[in-house]
Protein chains: 2
Amino acid sequence: MKNMVVASTSTVHGSGYLEYLLPALEKLFENVDTVTFIPYARPGGIDHDAYTAIAAKGLAAIGKKVRGLHTYQTAEEGVLRAEALFTGGGNTFLLVHELYRNGVMEVLRKAIYRGLPYLGTSAGSNITGLSMQTTNDMPIIYPPSFKTLGALPFNLNPHYLDPVKGSTHMGETRETRIKEFHTINHIPVVGLREGSWLEVKGDDVYLRGDLTARIFEKDVAPFETEPGKKIYFES
Amino acid sequence: MKNMVVASTSTVHGSGYLEYLLPALEKLFENVDTVTFIPYARPGGIDHDAYTAIAAKGLAAIGKKVRGLHTYQTAEEGVLRAEALFTGGGNTFLLVHELYRNGVMEVLRKAIYRGLPYLGTSAGSNITGLSMQTTNDMPIIYPPSFKTLGALPFNLNPHYLDPVKGSTHMGETRETRIKEFHTINHIPVVGLREGSWLEVKGDDVYLRGDLTARIFEKDVAPFETEPGKKIYFES
């Protein structure tokens, strides 16, 4: 039974790393001593040790130890031995590239499906969807595929941003980009605003936090889901 | 001898399609009767005929006829028979996917190197660089490669946006994204603001329009190039 917290961002403005998520994480990691951290997305290019130290500091607040996946003999061994997993944010292209290169996309998927507690933030959330094709990130590296874990039956757009009223910029808004995605894809997309997360219990997916989430489907007008409700689709 | 206009955007706020570029295009297309239009990037998913009609309307203002590349027996034939080329904006992943699928990436590169007048806007500009890896677009389709025309010895970031002062959004700024690119790539990047274009004459690349452009290199502090000056790099 899947057991995940899938968050838009690790950090909300004016608050510490993971701080707003701690009550949810106490529950998610209730019976966990050590969380295995996947540092592949490397925000700002920092190395795996430095990134793991940030995660460790964040989860120390609820008494959890953290070990980087890169410290195991193989990444597969790390996932198989993990009590719980946390994939941090950064660049989704790099994260997906590294998951394939280390041969753990499938083993990670299986671990989530057998109920290993999983926390994702930003890029680490993106990969729980069917594909990484609704990321906001720059394609800084060419991954062998855009296919991701498929632990959720839809795609995510973390850090979802509403169009800026009165903007004179001619670049596409987030909503326009997702509509472009739907001109050639059928996968529904959940636009998750900063401060929101999904609580996943088996096949039930609840929206948590104080904000609504925006739901995009091909040939359906976008609509909002209220906090506390299950994510659902029209089509 | 390369002869290109490489523009950040087709349209600046408050002005018509291509309008601000028309004086530059009169010069670029001076001896041209018909411009061949590459509609593959399909903004908003519109079909090739509809997109070509928009391009035709824009270039009618300087008396040019426009024919869509999709109306030739093969795309290769279309490029080889063209007097001049214009690649419109939209989604860069889709554009690159279609250029490879239609087998014209290399033939297009050769046409530009032998001096065929070329206009690119947005995604159509992105592809003139070494790779499409500094696009802002969503990866709505998986192209066989991120490598592009290499008609310029650097990459572009069209619609370049300065960081918003005082923003509380935790998603990456454009500058942060380009810095991420440079954690694993060495290619210089030119951030081209809306209203700017590059005039390319052989190996000389001049910045045109009223705005400065922001230059990013690995391990070099970003700096600005003045309008009218040649694009240059520190390293």
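Read on for a plain summary of the structure. Given the structure is predicted, the values throughout are model-derived calculations rather than measurements. For every chain, the first residue of the written sequence is number 1, and numbering continues from 1 along that sequence. Here every chain gets a letter starting at A, and every ligand a number starting at 1, in the order they are written. Given that this is a predicted model, residues contribute local features only at a pLDDT of at least 70 and side-chain atom pairs are listed and counted only at 80 or more, while totals for whole chains, interfaces and linings are drawn from all residues. Hydrogens and water are ignored here; the side-chain numbers use all heavy atoms of the structure.

1. Thoughts on the sheet that holds strand S11 (residues 220-225) of chain B
All names here are of chain B. Any two strands between which DSSP finds at least two bridges are classified as paired. Strands here mean DSSP runs of E at least two residues long; helices mean DSSP runs of H or I at least four residues long; both are numbered from the N terminus. Overall, mixed pairing links the 4 strands, which are arranged S6-S7-S10-S11 in an open sheet. Sheet topology places strand S6 (155-157) and S11 at the edges, where each strand pairs with a single neighbour. Here the strands of the sheet are splayed against their neighbours by 25° on average, with no regard to which way each runs. Judged from the 3 bridges that link them, strand S7 (residues 189-191) and strand S10 (residues 213-217) form a sheet pairing that is antiparallel. When the sheet's bridge partners are listed, Val190 is paired in S10 with Ile215. Whether two residues touch is decided by their heavy atoms; if any such pair falls within 4.5 Å, the residues are in contact. Axis angles are defined between N-to-C directions and span 0 to 180 degrees, where every axis is a line fitted to C-alpha atoms and, for a helix, only to the segment in contact. The strands touched by helix H7 (residues 174-184) within the sheet are S6, S7, S10 and S11, with S10 carrying the most contacts at an inclination of about 30°.

2. With respect to the layout of surface pockets
Empty space among the atoms becomes visible once a probe the size of a water molecule is rolled across them. Computed from the structure, the largest pocket encloses a volume of approximately 1,100 Å³. A cavity here means a set of points on a 1 Å grid, drawn over the protein atoms and nothing else, where a 1.4 Å probe fits but cannot get out; a pocket is an open set with protein on both sides within 12 Å along at least five of seven lines, and a residue lines either one if it has an atom within 4 Å of a point. Around the largest pocket, the lining is made up of 29 residues, and of these A:Leu161, A:Arg174, B:Leu161, B:Val164 and B:Arg174 lie nearest the centre. Sorting the residues of the lining of the largest pocket by element identifies helix H7 (174-184) of chain A together with H7 of chain B as the ones contributing at least two each. Of the voids in this model, the second largest pocket is the one considered here, and its volume is about 360 Å³. A:Ser10, A:Pro43, A:Gly90, B:Met170 and B:Glu172 are, among the 18 residues lining the second largest pocket, the residues nearest its centre. Grid points are joined across faces, edges and corners, and a volume is the space filled by probe spheres set on the points.

3. Here's the deal with the relation of the copies chain B and chain A
The operation relating chain B to chain A is a screw motion whose rotation component is 180°, with 0.0 Å of axial translation and a residual RMSD of 0.0 Å. In the structure described here, the two chain copies are related by an operation that fits a two-fold rotation axis. Residue by residue, 100% of the interface of chain B is reproduced at the interface of chain A, so both copies engage with the same surface. In this comparison the copies share one frame, found by least squares on the C-alpha atoms of residues holding pLDDT of at least 70 in both.

4. What to know about the nonpolar core
Counting 104 residues, the largest nonpolar core has A:Leu198 and B:Leu198 as the members making the most contacts within it. The residues contacting A:Leu198, other than those within four sequence positions of it, are A:Met4, A:Val5, A:Val6, A:Leu152, A:Phe154, A:Leu156, A:Leu192, A:Val205, A:Tyr206, A:Leu207 and A:Ile231. By nonpolar core we mean a set of buried residues, namely Ala, Val, Leu, Ile, Met, Phe, Trp, Tyr and Cys, connected to one another through side-chain atoms within 4.5 Å. Residue exposure (1.4 Å probe, protein chains only): buried if accessible area is under 20% of the type maximum, exposed if over 50%, otherwise partly exposed.

5. A look at helix H5 (residues 105-113) of chain B
Residues and elements named next belong to chain B. Residues of H5 that are buried: Met105, Val107, Leu108, Ala111 and Ile112. Angularly, the buried residues of H5 cover 165° about the axis, an arc narrow enough to put them on a single face. Where H5 ends, the next residue or the one after it, Gly115, has phi of about 105°, a positive value. Picture the helix axis, draw a direction to every C-beta atom, and the arc is the one those directions span.

6. Regarding the pattern of salt bridges
Residue and element names in this part refer to chain A. Salt bridge, as used here: a side-chain nitrogen of Lys or Arg that lies within 4 Å of a carboxyl oxygen of Asp or Glu. This structure, assessed with the given rule, holds 30 salt bridges over all chains. A salt bridge links Glu199 to Lys27; its shortest N-O distance comes to 3.5 Å. Placement of Glu199 in strand S8 (residues 197-201) and of Lys27 in helix H1 (residues 22-28) is noted, with a sequence separation of 172 residues between them. Using a relative accessible area of 11% as the deciding quantity, one classes Glu199 as buried. Sharing partners across several salt bridges, the network here consists of Asp162, Glu175, Lys179, Arg193, Arg214 and Glu224.

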